[in-house]
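Read off the chains here:
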Amino acid sequence: MPDNYDESRFDHTKMTFGQHLDELRLALIKAVSTWVLGLLVALAFAGPLVEYVQTPLKEALTNFYRDQATEEYRHHFEQLKAEGEPAPKDVDAAATLLADEGLVAEDRLIDPREALAAVVHAYPQAANSGGLPPRDATQPIHRSDLVPLRIYHTLEDDSRVRVVGLSVHEPFTMYMKAAVVLGTVISSPFVFYFLWQFVAVGLYPHEKRYVHVFLPISLVLFLAGVLMTFFLVFHFVLSFLFKFYAWMHINPDPRISDWLSFVLVLPVLFGISFQLPLVMLFLERIGIFTTALYLSYWRVAVLVIFILAMVLSPTADPQTMILMAVPMTVLYFGGIAMCKLMPRRFKPFGEAA
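Let us look at the structure shown here.

## A word on the overall build of the chain
Thinking step 1. Helix and strand content of the chain: twelve helices and two strands.
Thinking step 2. In the chain, the succession of helices and strands from N to C terminus is α-α-α-α-β-α-β-α-α-α-α-α-α-α.
Thinking step 3. Considering only residue pairs separated by 6 or more positions, the chain has 83% of its internal contacts joining residues 24 or more positions apart.

Here it is in structure tokens:
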């Protein structure tokens, strides 16, 4: 700090505690009003959002049942070989090819005489004297009379890759939840601006320019957390969780409310957690922590970050925890770098502190 620094020249800019409360109330009113406007705008786009956020889950379901079909084809071809029936030479390649084509097989039992009768009925010219005799409709069908038939369908038409709802009010509830989250994202730049305006009131005039720096950084960090969740975290989380379905031989049947509650909350948690550098800088500005203290306790901070990531993770799985904790650890050291690059020019509570 320069020796000729005179803090008294800023006395006319200082505010009382009551004035700070008035500024806080005004900032909150503006932020809430902006959030309500964002919610009204989001109501028009909540439907497409609900459809869009199902994409990672549908892709994960498709991959799950494609892998399941690959294993089933491999087992089927190996069984054919064991029985001396015609089968592909390269079992693994043939099984993978069928699964990559998006084909899923179902083994059904049919009555060959009924099938032949149906063909003859549809194509009388195909009738011949050497065919099977038609089944007597008055006689019961025994299992021994049936023969296996393999039927294929595409994964796109498979009902198992669709997200289901179980209650009447579920679509409306999901629509409103999506609108709330989308409205929060839309209004977030303005909400951050109003909150930073309140912080700027407590700063000296030469520090208020930091608001114009911090606001874009805050917005970028928030959006980075949201985008990282959609394009990276969901893939690893779903892949990890579906491995347990495969391991326990259980087919997933996800419910739309459970998925959306997860998919709409996690991006917001990541966006908020990515504000760590700015929180660190703010705490350093008001004198609660110092840069030296951040550096000396970095091991404790990393431990706390991993604990918080475990608590905040909705699924509490290791991959989500790591994907949240590692960026936050990097951001922690980024916060230290910000404190070093923009040091305090005076003691926050005066010389008496």
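## Some points on the environment of leucine 281
Thinking step 1. Of note, leucine 281 is situated in helix H9 (residues 276-285).
Thinking step 2. Judged by relative accessible area, leucine 281 falls into the buried class, the value being 2%.
Thinking step 3. Setting aside anything within four residues of it in sequence, one finds leucine 281 in contact with Phe214, Met338, Cys339 and Met342.

## Details of the pattern of salt bridges
Thinking step 1. On inspection of all chains with the given rule, the structure shows nine salt bridges.
Thinking step 2. Measuring nitrogen to oxygen at the nearest pair gives 2.9 Å for the salt bridge that ties aspartate 107 to arginine 150. Taken together, the residues span a long stretch of sequence, with aspartate 107 in strand E1 (residues 103-110) and arginine 150 in strand E2 (residues 147-154) at a distance of 43 residues.
Thinking step 3. Aspartate 158 is the partner of arginine 160 in a salt bridge, and the nearest nitrogen-oxygen pair spans 2.8 Å.
Thinking step 4. Among the residues examined, arginine 160 registers a relative accessible area of 24% and is labelled partly exposed.

## Points about the side chain of serine 218
Thinking step 1. Among the structural elements, serine 218 can be located in helix H7 (residues 209-247).
Thinking step 2. Among residues more than four places away in sequence, those in contact with serine 218 are Phe192, Trp196, Gln275 and Leu278.

## Here's the deal with the layout of surface pockets
Thinking step 1. Space inside the second largest pocket adds up to approximately 570 Å³.
Thinking step 2. Forming the walls of the second largest pocket are 21 residues, and the residues nearest its centre are Glu59, Ala60, Asn63, Phe64 and Phe242.
Thinking step 3. Among the secondary structure elements, those contributing two or more residues to the lining of the second largest pocket are helix H3 (55-82) and H7.
Thinking step 4. A total of ten residues in the lining of the second largest pocket trace back to one element, the largest contributor, which is H7.
Thinking step 5. Its residues assigned to classes, the lining of the second largest pocket shows eleven nonpolar, six polar and four charged.

## Focus on the nonpolar core
A general feature of soluble globular proteins is that nonpolar side chains tend to end up buried together.
Thinking step 1. Counting 62 residues, the largest nonpolar core has Trp259, Leu260, Val263 and Tyr332 as the members making the most contacts within it.
Thinking step 2. A total of twelve residues in this core trace back to one element, the largest contributor, which is H7.
Thinking step 3. Dropping the residues within four chain positions of it, tyrosine 332 is found in contact with Leu276, Met280, Tyr294, Tyr297, Trp298, Ala301 and Ile305.
Thinking step 4. With seven residues, the next largest nonpolar core counts Ala69, Tyr73, Ala94 and Ala105 among its residues.

## Regarding the environment of glycine 47
Thinking step 1. Within the secondary structure, glycine 47 is located in helix H2 (residues 46-53).
Thinking step 2. Sequence-wise, glycine 47 and methionine 174 are 127 residues apart; in three dimensions their C-alpha atoms are separated by 9.1 Å.

## Concerning the environment of valine 302
Thinking step 1. Here valine 302 lies in helix H11 (residues 298-312).
Thinking step 2. For valine 302, a relative accessible area of 16% gives the class buried.
Thinking step 3. Placed 26 residues apart in sequence, valine 302 and methionine 328 show a C-alpha to C-alpha distance of 8.6 Å.

## Topic: the packing of aromatic side chains
Thinking step 1. Within the structure shown, the criterion is met by 15 aromatic pairs.
Thinking step 2. Aromatic side chains phenylalanine 234 and tryptophan 259 sit 5.6 Å apart centroid to centroid with 55 degrees between the ring planes, which places their arrangement in the tilted category. Placement of phenylalanine 234 in helix H7 and of tryptophan 259 in helix H8 (residues 256-273) is noted, with a sequence separation of 25 residues between them.

## Some details on the packing of H3 against helix H4 (residues 91-100)
The axes of two packed helices give the description: the angle between them and the distance between them.
Thinking step 1. Packing of H3 against H4 brings their axes to within 8 Å, and their N-to-C directions diverge by 140 degrees. Regarding the angle of H3 to H4, the classification is oblique. Of the two possible hands of crossing, H3 and H4 adopt the one that is right-handed. Side by side, H3 and H4 meet where Arg66, Thr70, Tyr73, Arg74, Phe77, Glu78 and Lys81 of the first sit next to Val91, Asp92, Ala94, Ala95, Thr96, Leu98, Ala99 and Asp100 of the second.
Thinking step 2. Here the residues of the contact of H3 with H4 are counted per class, giving seven nonpolar, two polar and six charged.

## Details of the side chain of arginine 150
Thinking step 1. On the accessibility criterion, arginine 150 (18% relative accessible area) is buried.
Thinking step 2. At a separation of 2.9 Å, a polar atom in the side chain of arginine 150 contacts the side chain of glutamate 72.
Thinking step 3. Within the structure, the side chain of arginine 150 is placed 2.9 Å from the side chain of aspartate 107, a separation counted as a polar contact.
Thinking step 4. When residues no more than four places from it in sequence are discounted, the contact partners of arginine 150 are Glu72, Tyr73, His76, Ala105, Glu106 and Asp107.

Thresholds, definitions, all that
Residues numbered from 1 in each chain as written. Predicted model: local features only at pLDDT ≥ 70, side-chain atom pairs only at ≥ 80, totals over all residues. Heavy atoms only, no water. Helix = DSSP H or I, 4+ residues; strand = E, 2+ residues; numbered from the N terminus. Contact = heavy atoms within 4.5 Å. Buried < 20%, exposed > 50% of the residue type's maximum accessible area, 1.4 Å probe, protein only. Salt bridge = Lys/Arg side-chain N within 4 Å of Asp/Glu carboxyl O. 1 Å grid on protein atoms, 1.4 Å probe; cavity = no way out; pocket = protein on both sides within 12 Å on 5 of 7 lines; lining within 4 Å. Points joined across faces, edges and corners; volume = space filled by probe spheres on them. Nonpolar A, V, L, I, M, F, W, Y, C, P; charged D, E, K, R; others polar. Core = buried A, V, L, I, M, F, W, Y, C linked by side-chain atoms within 4.5 Å. Phe/Tyr/Trp six-rings, centres within 6.5 Å; stacked < 30°, edge-to-face > 60°. Axes fitted to C-alpha atoms, helices over the stretch in contact; angles between N-to-C directions. Parallel < 35°, antiparallel > 145°, perpendicular 65-115°, else oblique. Left-handed = near helix turned anticlockwise from the far one by under 90°. Polar contact = N/O pair within 3.5 Å; in protein donor to acceptor, adjacent residues only side chain to side chain.

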